[in-house]
Amino acid sequence: MKTRITLFFTLLFAGLGLGFAQDEECMTKLSVFHEYTKAKNFNEAYEPWMAVRNKCPKFNNAIYIDGEKILDHKIENSSGAEKKAFMEDLLLLWEQRAEHFTSKTPKGEYMAKACQLMYDNRDILGKTDEELYECFDNAYHMDKSTFTNPKSLYTYFSLMVDLYDAGKKPPKDLFNKYDDVVEKVEGEVQNYSEKLNKLVAKEEGVDGQEGVALSKKEKSYKRYFESYLKAYDQISGSIDGKLGDRANCENLIPLYTKDFEAHRADAVWLKRAAGKMSEKECTDDPLFFKLVNAYHEISPSANSAFYLGILKDKDGDTRGAIDFYKQAISLETDDFKKSKLNYRIGLKLKSKGNYGAARGFFREALKLNPSNGRPHLSIATMYASSAKNCGDTNFNKRAVYWLAAQEARKASRVDPTLKKAAAQSAANYEAKAPQRAEIFTAGNAGQTIKIGCWIGASVQVPNL
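Everything numeric here is computed off the predicted structure, so don't read it as measured data. (Residues numbered from 1 in each chain as written. Predicted model: local features only at pLDDT ≥ 70, side-chain atom pairs only at ≥ 80, totals over all residues. Heavy atoms only, no water.)

1. A closer look at helix 12 (residues 267-279)
Reasoning step 1: For helix 12, spanning 13 residues, the distance from its first C-alpha to its last is 18 Å, which sits close to the expected 18 Å at 1.5 Å a residue.
Reasoning step 2: Among the residues making up helix 12, those that are buried are Trp269, Leu270, Arg272, Ala273, Ala274, Gly275, Lys276, Met277 and Ser278.
Reasoning step 3: Residues of helix 12 that are buried in the fold lie against helix 9 (171-204), helix 11 (249-263), helix 13 (286-298) and helix 14 (302-314).
Reasoning step 4: At the N-terminal end of helix 12, a side-chain oxygen is found 3.1 Å from the backbone nitrogen of Val268, two or three residues along, and the residue is Asp266. (Helix = DSSP H or I, 4+ residues; strand = E, 2+ residues; numbered from the N terminus. Expected span 1.5 Å × (residues − 1). Buried < 20%, exposed > 50% of the residue type's maximum accessible area, 1.4 Å probe, protein only. Contact = heavy atoms within 4.5 Å. Polar contact = N/O pair within 3.5 Å; in protein donor to acceptor, adjacent residues only side chain to side chain.)

Quick look at the structure:
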(Lines give C-alpha, C1' and ligand atoms only; values in the text may rest on other atoms or scores of the structure.)
Protein backbone atom coordinates (compact mmCIF):
# COMPACT_ATOMS: atom_id res chain seq x y z
CA MET A 1 0.00 0.00 0.00
CA LYS A 2 2.79 2.41 0.96
CA THR A 3 4.60 1.60 -2.29
CA ARG A 4 1.48 2.43 -4.32
CA ILE A 5 1.05 5.81 -2.57
CA THR A 6 4.71 6.66 -3.15
CA LEU A 7 4.39 5.73 -6.83
CA PHE A 8 1.21 7.88 -7.15
CA PHE A 9 2.89 11.02 -5.76
CA THR A 10 5.99 10.40 -7.84
CA LEU A 11 3.90 10.34 -11.01
CA LEU A 12 1.85 13.36 -9.85
CA PHE A 13 4.87 15.57 -9.23
CA ALA A 14 6.49 14.37 -12.42
CA GLY A 15 3.37 15.51 -14.28
CA LEU A 16 3.40 18.86 -12.50
CA GLY A 17 7.05 19.26 -13.29
CA LEU A 18 6.32 18.60 -16.95
CA GLY A 19 3.58 21.28 -16.81
CA PHE A 20 5.90 23.80 -15.22
CA ALA A 21 8.57 23.03 -17.81
CA GLN A 22 6.04 23.39 -20.60
CA ASP A 23 4.85 26.74 -19.24
CA GLU A 24 8.41 27.95 -18.88
CA GLU A 25 9.20 26.97 -22.48
CA CYS A 26 6.05 28.68 -23.76
CA MET A 27 6.81 31.81 -21.73
CA THR A 28 10.33 31.97 -23.16
CA LYS A 29 9.20 31.53 -26.74
CA LEU A 30 6.29 33.92 -26.27
CA SER A 31 8.72 36.58 -25.09
CA VAL A 32 10.88 35.90 -28.15
CA PHE A 33 8.13 36.14 -30.76
CA HIS A 34 6.53 39.12 -29.03
CA GLU A 35 9.80 41.09 -29.19
CA TYR A 36 10.25 40.17 -32.84
CA THR A 37 6.66 41.24 -33.56
CA LYS A 38 7.14 44.59 -31.83
CA ALA A 39 10.21 45.12 -34.00
CA LYS A 40 8.14 44.11 -37.09
CA ASN A 41 10.54 41.25 -37.72
CA PHE A 42 7.65 38.94 -38.57
CA ASN A 43 9.63 36.26 -40.37
CA GLU A 44 11.79 35.62 -37.30
CA ALA A 45 8.69 35.68 -35.09
CA TYR A 46 6.89 33.01 -37.10
CA GLU A 47 8.67 29.84 -35.84
CA PRO A 48 8.58 30.55 -32.06
CA TRP A 49 5.02 31.84 -32.44
CA MET A 50 3.86 28.62 -34.14
CA ALA A 51 5.56 26.58 -31.43
CA VAL A 52 3.66 28.36 -28.65
CA ARG A 53 0.40 28.37 -30.62
CA ASN A 54 0.55 24.57 -31.08
CA LYS A 55 1.84 23.64 -27.62
CA CYS A 56 0.08 26.18 -25.37
CA PRO A 57 -2.96 27.59 -27.24
CA LYS A 58 -4.56 28.90 -24.01
CA PHE A 59 -1.39 30.40 -22.59
CA ASN A 60 -1.83 34.07 -23.50
CA ASN A 61 -4.00 36.12 -25.85
CA ALA A 62 -0.80 37.60 -27.33
CA ILE A 63 -0.64 34.37 -29.35
CA TYR A 64 -3.65 35.60 -31.32
CA ILE A 65 -2.99 39.34 -31.28
CA ASP A 66 0.59 38.95 -32.53
CA GLY A 67 -0.36 35.97 -34.68
CA GLU A 68 -2.73 38.10 -36.72
CA LYS A 69 0.07 40.59 -37.45
CA ILE A 70 2.48 37.80 -38.36
CA LEU A 71 0.03 36.15 -40.74
CA ASP A 72 -0.98 39.49 -42.28
CA HIS A 73 2.70 39.99 -43.13
CA LYS A 74 2.95 36.49 -44.57
CA ILE A 75 -0.16 37.01 -46.71
CA GLU A 76 1.11 40.34 -48.01
CA ASN A 77 4.47 38.89 -48.96
CA SER A 78 3.44 35.61 -50.57
CA SER A 79 1.56 34.46 -53.65
CA GLY A 80 -0.26 31.51 -55.14
CA ALA A 81 -0.88 28.43 -53.02
CA GLU A 82 1.31 29.74 -50.21
CA LYS A 83 -0.73 32.95 -49.95
CA LYS A 84 -3.97 30.96 -49.89
CA ALA A 85 -2.61 28.71 -47.12
CA PHE A 86 -1.71 31.69 -44.96
CA MET A 87 -5.19 33.17 -45.47
CA GLU A 88 -6.82 29.93 -44.44
CA ASP A 89 -4.53 29.78 -41.41
CA LEU A 90 -5.61 33.31 -40.40
CA LEU A 91 -9.24 32.24 -40.61
CA LEU A 92 -8.35 29.24 -38.43
CA LEU A 93 -6.49 31.48 -35.99
CA TRP A 94 -9.63 33.61 -35.42
CA GLU A 95 -11.62 30.42 -34.77
CA GLN A 96 -9.00 29.28 -32.25
CA ARG A 97 -9.05 32.68 -30.54
CA ALA A 98 -12.85 32.44 -30.22
CA GLU A 99 -12.44 28.97 -28.70
CA HIS A 100 -9.68 29.77 -26.19
CA PHE A 101 -10.36 33.46 -25.42
CA THR A 102 -14.11 33.70 -25.93
CA SER A 103 -14.68 36.77 -23.73
CA LYS A 104 -12.00 38.69 -25.65
CA THR A 105 -13.29 37.74 -29.09
CA PRO A 106 -16.59 39.49 -29.90
CA LYS A 107 -18.46 37.18 -32.27
CA GLY A 108 -19.88 39.83 -34.61
CA GLU A 109 -16.57 41.63 -34.96
CA TYR A 110 -14.42 38.58 -35.66
CA MET A 111 -16.94 36.75 -37.82
CA ALA A 112 -17.28 39.90 -39.95
CA LYS A 113 -13.46 40.18 -40.18
CA ALA A 114 -13.34 36.61 -41.47
CA CYS A 115 -16.10 37.31 -43.99
CA GLN A 116 -14.34 40.46 -45.16
CA LEU A 117 -11.05 38.61 -45.64
CA MET A 118 -12.85 36.02 -47.75
CA TYR A 119 -14.67 38.72 -49.74
CA ASP A 120 -11.49 40.70 -50.42
CA ASN A 121 -9.79 37.50 -51.63
CA ARG A 122 -12.81 35.74 -53.12
CA ASP A 123 -10.97 34.70 -56.29
CA ILE A 124 -8.10 33.09 -54.41
CA LEU A 125 -10.37 31.38 -51.86
CA GLY A 126 -13.03 30.43 -54.44
CA LYS A 127 -16.03 32.01 -52.67
CA THR A 128 -19.37 32.73 -54.34
CA ASP A 129 -21.70 35.66 -53.65
CA GLU A 130 -24.15 33.31 -51.95
CA GLU A 131 -21.50 31.91 -49.61
CA LEU A 132 -20.16 35.35 -48.76
CA TYR A 133 -23.60 36.84 -48.12
CA GLU A 134 -24.49 33.91 -45.86
CA CYS A 135 -21.22 34.46 -43.98
CA PHE A 136 -22.01 38.14 -43.30
CA ASP A 137 -25.66 37.36 -42.56
CA ASN A 138 -24.63 34.79 -39.93
CA ALA A 139 -22.28 37.30 -38.33
CA TYR A 140 -25.01 39.97 -38.29
CA HIS A 141 -27.58 37.69 -36.68
CA MET A 142 -25.10 35.99 -34.34
CA ASP A 143 -23.91 39.24 -32.72
CA LYS A 144 -25.35 42.40 -34.26
CA SER A 145 -24.02 44.60 -31.43
CA THR A 146 -20.36 44.05 -32.35
CA PHE A 147 -20.83 43.87 -36.12
CA THR A 148 -19.88 47.54 -36.48
CA ASN A 149 -17.09 47.74 -39.05
CA PRO A 150 -18.17 50.34 -41.67
CA LYS A 151 -16.54 48.54 -44.59
CA SER A 152 -18.11 45.21 -43.67
CA LEU A 153 -21.56 46.74 -43.25
CA TYR A 154 -21.28 48.14 -46.77
CA THR A 155 -19.99 44.82 -48.17
CA TYR A 156 -22.89 42.99 -46.51
CA PHE A 157 -25.45 45.23 -48.23
CA SER A 158 -23.54 45.30 -51.51
CA LEU A 159 -23.72 41.51 -51.71
CA MET A 160 -27.48 41.66 -51.19
CA VAL A 161 -27.79 44.09 -54.14
CA ASP A 162 -25.63 41.84 -56.31
CA LEU A 163 -27.79 38.83 -55.47
CA TYR A 164 -30.94 40.86 -56.19
CA ASP A 165 -29.56 41.94 -59.57
CA ALA A 166 -28.78 38.29 -60.35
CA GLY A 167 -32.42 37.36 -59.61
CA LYS A 168 -31.47 35.40 -56.49
CA LYS A 169 -33.12 37.73 -53.93
CA PRO A 170 -36.62 39.29 -54.18
CA PRO A 171 -37.27 43.06 -53.85
CA LYS A 172 -38.75 42.55 -50.39
CA ASP A 173 -35.49 41.09 -49.07
CA LEU A 174 -33.48 43.89 -50.69
CA PHE A 175 -35.50 46.70 -49.10
CA ASN A 176 -35.62 44.95 -45.70
CA LYS A 177 -31.86 44.52 -45.73
CA TYR A 178 -31.39 48.15 -46.72
CA ASP A 179 -33.45 49.19 -43.69
CA ASP A 180 -31.53 46.79 -41.43
CA VAL A 181 -28.13 48.13 -42.46
CA VAL A 182 -29.19 51.81 -42.50
CA GLU A 183 -30.67 51.50 -39.00
CA LYS A 184 -27.47 49.83 -37.82
CA VAL A 185 -25.34 52.61 -39.30
CA GLU A 186 -27.58 55.27 -37.77
CA GLY A 187 -27.23 53.55 -34.39
CA GLU A 188 -23.44 53.67 -34.63
CA VAL A 189 -23.53 57.31 -35.77
CA GLN A 190 -25.65 58.12 -32.73
CA ASN A 191 -23.22 56.27 -30.46
CA TYR A 192 -20.15 58.16 -31.67
CA SER A 193 -21.99 61.48 -32.03
CA GLU A 194 -23.12 61.41 -28.41
CA LYS A 195 -19.56 60.77 -27.29
CA LEU A 196 -18.22 63.53 -29.55
CA ASN A 197 -20.95 65.96 -28.45
CA LYS A 198 -19.54 66.12 -24.92
CA LEU A 199 -16.14 67.16 -26.24
CA VAL A 200 -17.59 69.63 -28.76
CA ALA A 201 -19.72 71.24 -26.04
CA LYS A 202 -16.65 71.61 -23.83
CA GLU A 203 -14.48 73.03 -26.62
CA GLU A 204 -17.08 75.33 -28.20
CA GLY A 205 -18.87 76.37 -25.00
CA VAL A 206 -22.57 76.14 -24.19
CA ASP A 207 -25.26 78.57 -23.00
CA GLY A 208 -23.11 81.61 -23.70
CA GLN A 209 -20.08 80.29 -21.80
CA GLU A 210 -16.66 80.27 -23.45
CA GLY A 211 -15.16 76.99 -24.51
CA VAL A 212 -12.31 75.22 -22.73
CA ALA A 213 -9.27 73.64 -24.36
CA LEU A 214 -9.34 69.83 -24.47
CA SER A 215 -6.70 67.73 -22.75
CA LYS A 216 -4.29 65.62 -24.80
CA LYS A 217 -6.32 62.50 -24.00
CA GLU A 218 -9.59 64.22 -24.94
CA LYS A 219 -8.11 65.36 -28.26
CA SER A 220 -7.11 61.78 -28.98
CA TYR A 221 -10.63 60.55 -28.22
CA LYS A 222 -12.06 63.33 -30.39
CA ARG A 223 -9.96 62.24 -33.38
CA TYR A 224 -11.02 58.63 -32.79
CA PHE A 225 -14.74 59.48 -32.70
CA GLU A 226 -14.39 61.76 -35.73
CA SER A 227 -12.64 59.06 -37.76
CA TYR A 228 -15.53 56.64 -37.24
CA LEU A 229 -18.14 59.28 -38.04
CA LYS A 230 -16.31 60.07 -41.29
CA ALA A 231 -16.26 56.36 -42.18
CA TYR A 232 -19.97 55.92 -41.46
CA ASP A 233 -20.81 59.07 -43.41
CA GLN A 234 -18.86 57.72 -46.38
CA ILE A 235 -20.54 54.31 -46.39
CA SER A 236 -24.00 55.87 -45.91
CA GLY A 237 -23.55 57.58 -49.26
CA SER A 238 -22.15 54.38 -50.77
CA ILE A 239 -25.11 52.33 -49.51
CA ASP A 240 -27.59 54.78 -51.03
CA GLY A 241 -25.55 54.84 -54.24
CA LYS A 242 -25.52 51.04 -54.41
CA LEU A 243 -29.29 50.89 -53.91
CA GLY A 244 -29.74 53.58 -56.57
CA ASP A 245 -32.95 53.54 -58.58
CA ARG A 246 -33.86 50.04 -57.44
CA ALA A 247 -35.91 51.72 -54.69
CA ASN A 248 -37.71 54.24 -56.91
CA CYS A 249 -41.46 54.91 -56.68
CA GLU A 250 -42.18 52.61 -59.63
CA ASN A 251 -40.78 49.67 -57.64
CA LEU A 252 -41.85 50.66 -54.13
CA ILE A 253 -45.53 51.45 -54.73
CA PRO A 254 -46.53 48.09 -56.31
CA LEU A 255 -44.55 46.17 -53.68
CA TYR A 256 -46.03 48.00 -50.68
CA THR A 257 -49.52 48.01 -52.21
CA LYS A 258 -49.37 44.23 -52.60
CA ASP A 259 -48.14 43.70 -49.01
CA PHE A 260 -50.21 46.39 -47.26
CA GLU A 261 -53.16 44.26 -46.12
CA ALA A 262 -50.87 41.57 -44.74
CA HIS A 263 -48.86 44.12 -42.76
CA ARG A 264 -51.39 46.80 -41.85
CA ALA A 265 -51.08 45.84 -38.15
CA ASP A 266 -47.25 45.60 -38.24
CA ALA A 267 -45.89 48.90 -36.88
CA VAL A 268 -42.29 48.17 -37.91
CA TRP A 269 -43.30 47.34 -41.50
CA LEU A 270 -45.55 50.43 -41.73
CA LYS A 271 -42.80 52.66 -40.33
CA ARG A 272 -40.24 51.37 -42.81
CA ALA A 273 -42.61 51.55 -45.78
CA ALA A 274 -43.73 55.10 -44.96
CA GLY A 275 -40.13 56.10 -44.32
CA LYS A 276 -38.92 54.72 -47.63
CA MET A 277 -41.73 56.42 -49.57
CA SER A 278 -41.02 59.72 -47.82
CA GLU A 279 -37.30 59.41 -48.50
CA LYS A 280 -37.86 58.64 -52.18
CA GLU A 281 -40.43 61.44 -52.62
CA CYS A 282 -43.32 59.05 -53.26
CA THR A 283 -45.63 61.04 -50.97
CA ASP A 284 -48.08 62.09 -53.72
CA ASP A 285 -49.35 58.54 -54.09
CA PRO A 286 -52.54 57.64 -52.11
CA LEU A 287 -50.66 54.66 -50.65
CA PHE A 288 -48.53 57.03 -48.57
CA PHE A 289 -51.71 58.40 -46.97
CA LYS A 290 -52.88 54.85 -46.15
CA LEU A 291 -49.52 53.85 -44.70
CA VAL A 292 -49.20 56.94 -42.52
CA ASN A 293 -52.72 56.78 -41.12
CA ALA A 294 -52.47 53.06 -40.40
CA TYR A 295 -49.10 53.59 -38.70
CA HIS A 296 -50.37 56.51 -36.58
CA GLU A 297 -53.50 54.58 -35.61
CA ILE A 298 -51.75 51.51 -34.19
CA SER A 299 -48.54 53.16 -32.97
CA PRO A 300 -48.71 56.95 -32.51
CA SER A 301 -45.10 58.07 -32.52
CA ALA A 302 -42.74 60.84 -33.47
CA ASN A 303 -42.30 59.30 -36.93
CA SER A 304 -46.02 58.88 -37.63
CA ALA A 305 -46.76 62.46 -36.49
CA PHE A 306 -43.96 63.71 -38.75
CA TYR A 307 -45.44 61.89 -41.74
CA LEU A 308 -48.87 63.38 -40.97
CA GLY A 309 -47.17 66.77 -41.01
CA ILE A 310 -45.87 65.97 -44.50
CA LEU A 311 -49.42 65.19 -45.60
CA LYS A 312 -50.65 68.54 -44.24
CA ASP A 313 -47.76 70.22 -46.06
CA LYS A 314 -48.83 68.52 -49.29
CA ASP A 315 -52.33 69.99 -48.81
CA GLY A 316 -50.87 73.48 -48.39
CA ASP A 317 -51.78 73.58 -44.69
CA THR A 318 -48.51 74.97 -43.30
CA ARG A 319 -49.94 75.72 -39.85
CA GLY A 320 -51.41 72.21 -39.58
CA ALA A 321 -48.09 70.74 -40.73
CA ILE A 322 -46.16 72.65 -38.07
CA ASP A 323 -48.64 71.47 -35.40
CA PHE A 324 -47.94 67.85 -36.35
CA TYR A 325 -44.20 68.51 -36.53
CA LYS A 326 -44.29 69.91 -32.99
CA GLN A 327 -46.33 66.91 -31.88
CA ALA A 328 -43.67 64.66 -33.39
CA ILE A 329 -40.98 66.39 -31.34
CA SER A 330 -43.03 66.11 -28.15
CA LEU A 331 -43.44 62.36 -28.71
CA GLU A 332 -39.70 61.75 -29.20
CA THR A 333 -37.75 61.08 -25.99
CA ASP A 334 -34.28 60.36 -27.40
CA ASP A 335 -32.24 63.58 -27.77
CA PHE A 336 -30.29 62.36 -30.80
CA LYS A 337 -33.44 61.31 -32.66
CA LYS A 338 -35.17 64.50 -31.54
CA SER A 339 -32.29 66.49 -33.05
CA LYS A 340 -32.64 64.58 -36.31
CA LEU A 341 -36.38 65.28 -36.31
CA ASN A 342 -35.84 69.01 -35.73
CA TYR A 343 -33.39 69.05 -38.63
CA ARG A 344 -35.81 67.26 -40.97
CA ILE A 345 -38.59 69.68 -40.02
CA GLY A 346 -36.22 72.59 -40.57
CA LEU A 347 -35.47 71.31 -44.07
CA LYS A 348 -39.18 71.02 -44.88
CA LEU A 349 -39.81 74.62 -43.76
CA LYS A 350 -36.67 75.88 -45.53
CA SER A 351 -37.87 74.36 -48.81
CA LYS A 352 -41.12 76.31 -48.38
CA GLY A 353 -39.21 79.58 -47.83
CA ASN A 354 -40.29 79.77 -44.19
CA TYR A 355 -36.77 80.72 -43.06
CA GLY A 356 -37.54 82.16 -39.63
CA ALA A 357 -39.37 79.05 -38.42
CA ALA A 358 -36.81 76.76 -40.09
CA ARG A 359 -33.93 78.44 -38.23
CA GLY A 360 -35.69 77.81 -34.93
CA PHE A 361 -35.83 74.08 -35.63
CA PHE A 362 -32.23 74.05 -36.89
CA ARG A 363 -31.02 75.73 -33.71
CA GLU A 364 -32.90 73.25 -31.57
CA ALA A 365 -31.28 70.44 -33.56
CA LEU A 366 -27.86 71.92 -32.77
CA LYS A 367 -28.58 72.10 -29.04
CA LEU A 368 -29.44 68.41 -29.00
CA ASN A 369 -26.61 67.26 -31.29
CA PRO A 370 -23.86 69.93 -31.50
CA SER A 371 -21.47 67.78 -33.53
CA ASN A 372 -23.82 67.76 -36.54
CA GLY A 373 -22.81 70.71 -38.72
CA ARG A 374 -25.61 70.36 -41.28
CA PRO A 375 -28.02 72.71 -39.45
CA HIS A 376 -25.25 75.36 -39.45
CA LEU A 377 -24.86 74.97 -43.22
CA SER A 378 -28.62 75.19 -43.74
CA ILE A 379 -28.78 78.41 -41.74
CA ALA A 380 -25.83 79.76 -43.72
CA THR A 381 -27.63 78.96 -46.98
CA MET A 382 -30.76 80.78 -45.81
CA TYR A 383 -28.73 83.84 -44.81
CA ALA A 384 -26.99 83.91 -48.19
CA SER A 385 -30.32 83.54 -50.01
CA SER A 386 -31.66 86.55 -48.11
CA ALA A 387 -28.70 88.88 -48.71
CA LYS A 388 -30.51 90.88 -51.40
CA ASN A 389 -33.55 91.44 -49.20
CA CYS A 390 -32.16 92.06 -45.71
CA GLY A 391 -30.41 95.44 -45.57
CA ASP A 392 -30.98 99.11 -46.39
CA THR A 393 -27.83 99.68 -48.47
CA ASN A 394 -25.86 97.56 -50.89
CA PHE A 395 -23.01 97.35 -48.34
CA ASN A 396 -25.33 96.23 -45.53
CA LYS A 397 -27.07 93.71 -47.77
CA ARG A 398 -23.75 92.10 -48.67
CA ALA A 399 -22.73 92.17 -44.99
CA VAL A 400 -25.23 89.32 -44.58
CA TYR A 401 -22.64 87.07 -46.26
CA TRP A 402 -20.39 87.53 -43.20
CA LEU A 403 -23.14 85.99 -41.10
CA ALA A 404 -23.42 83.13 -43.59
CA ALA A 405 -19.64 82.60 -43.46
CA GLN A 406 -19.72 82.49 -39.64
CA GLU A 407 -22.32 79.72 -39.68
CA ALA A 408 -20.39 77.75 -42.29
CA ARG A 409 -17.18 78.00 -40.23
CA LYS A 410 -19.05 76.63 -37.20
CA ALA A 411 -20.05 73.61 -39.28
CA SER A 412 -16.43 73.11 -40.30
CA ARG A 413 -15.26 73.21 -36.68
CA VAL A 414 -17.77 70.83 -35.13
CA ASP A 415 -18.51 68.27 -37.85
CA PRO A 416 -15.71 65.98 -39.08
CA THR A 417 -17.74 64.94 -42.13
CA LEU A 418 -18.14 68.53 -43.36
CA LYS A 419 -14.76 70.17 -42.71
CA LYS A 420 -13.77 70.60 -46.34
CA ALA A 421 -17.21 71.38 -47.80
CA ALA A 422 -18.06 73.82 -45.01
CA ALA A 423 -14.70 75.59 -45.31
CA GLN A 424 -15.29 76.00 -49.05
CA SER A 425 -18.77 77.42 -48.39
CA ALA A 426 -17.34 79.90 -45.86
CA ALA A 427 -14.71 81.06 -48.36
CA ASN A 428 -17.40 81.47 -51.03
CA TYR A 429 -19.53 83.62 -48.72
CA GLU A 430 -16.53 85.70 -47.64
CA ALA A 431 -15.79 86.44 -51.30
CA LYS A 432 -19.32 87.83 -51.76
CA ALA A 433 -19.12 90.07 -48.68
CA PRO A 434 -17.63 93.62 -48.89
CA GLN A 435 -13.88 93.52 -49.51
CA ARG A 436 -11.08 95.60 -47.93
CA ALA A 437 -11.28 98.49 -50.42
CA GLU A 438 -15.04 98.78 -49.90
CA ILE A 439 -14.67 98.74 -46.12
CA PHE A 440 -12.01 101.45 -46.38
CA THR A 441 -14.25 103.60 -48.60
CA ALA A 442 -17.26 103.14 -46.29
CA GLY A 443 -15.06 103.97 -43.29
CA ASN A 444 -16.91 101.55 -41.01
CA ALA A 445 -14.20 99.03 -40.11
CA GLY A 446 -14.91 97.44 -36.72
CA GLN A 447 -18.47 98.80 -36.56
CA THR A 448 -21.54 96.64 -35.90
CA ILE A 449 -24.23 96.39 -38.55
CA LYS A 450 -27.76 95.40 -37.57
CA ILE A 451 -29.42 93.05 -40.06
CA GLY A 452 -33.20 93.35 -40.24
CA CYS A 453 -36.01 91.26 -41.79
CA TRP A 454 -36.35 87.66 -40.54
CA ILE A 455 -32.64 87.42 -39.69
CA GLY A 456 -32.72 89.94 -36.82
CA ALA A 457 -29.00 89.70 -36.03
CA SER A 458 -25.88 91.83 -35.95
CA VAL A 459 -22.52 91.41 -37.63
CA GLN A 460 -19.25 93.22 -37.05
CA VAL A 461 -17.40 94.68 -40.01
CA PRO A 462 -13.85 93.28 -40.06
CA ASN A 463 -11.04 95.60 -38.91
CA LEU A 464 -8.53 96.58 -41.60
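2. A short note on the state of the cysteines
Reasoning step 1: On inspection of all chains with the given rule, the structure shows four disulfides.
Reasoning step 2: Sulfur-sulfur distance for the disulfide between Cys26 and Cys56 comes to 1.8 Å. Taking the torsion about the sulfur-sulfur bond, which here is approximately 60°, the covalent link between Cys26 and Cys56 counts as right-handed. On the criterion of sequence distance, the pair formed by Cys26 in helix 1 (residues 2-38) and Cys56 in the loop between helix 2 (42-55) and helix 3 (62-76) is long-range, its members being 30 residues apart.
Reasoning step 3: With its sulfur 1.7 Å from that of its partner, Cys390 forms a disulfide with Cys453. (Disulfide = S-S within 2.5 Å.)

3. What about the UniProt feature "repeat: TPR" (unreviewed entry) in the protein chain?
Reasoning step 1: Mapped onto the present numbering, the UniProt feature "repeat: TPR" (unreviewed entry) falls on residues 302-335 and 339-372.
Reasoning step 2: Helix and strand shares over residues 302-335 are 82% and 0% respectively, and the end C-alpha atoms of the span are 12 Å apart. (UniProt positions renumbered as here; feature names shortened; annotations may be inferred.)

4. Digging into helix 10 (residues 216-243)
Reasoning step 1: Compared with the 40 Å implied by 1.5 Å per residue over 28 residues, the 41 Å span of helix 10 between its first and last C-alpha is a close match.
Reasoning step 2: Those residues of helix 10 lying buried are Glu218, Lys222, Phe225, Glu226, Leu229, Tyr232, Ile235, Ile239 and Leu243.
Reasoning step 3: For helix 10, the secondary structure elements touched by its buried residues are helix 8 (150-165), helix 9, helix 19 (394-414) and helix 20 (419-432).
Reasoning step 4: One or two steps after helix 10, the chain reaches Gly244, where phi turns positive at roughly 55°.

5. Observations regarding the environment of Asp165
Reasoning step 1: Structurally, Asp165 is set in helix 8.
Reasoning step 2: With 81 residues separating them in the primary sequence, Asp165 and Arg246 have C-alpha atoms 9.4 Å apart.

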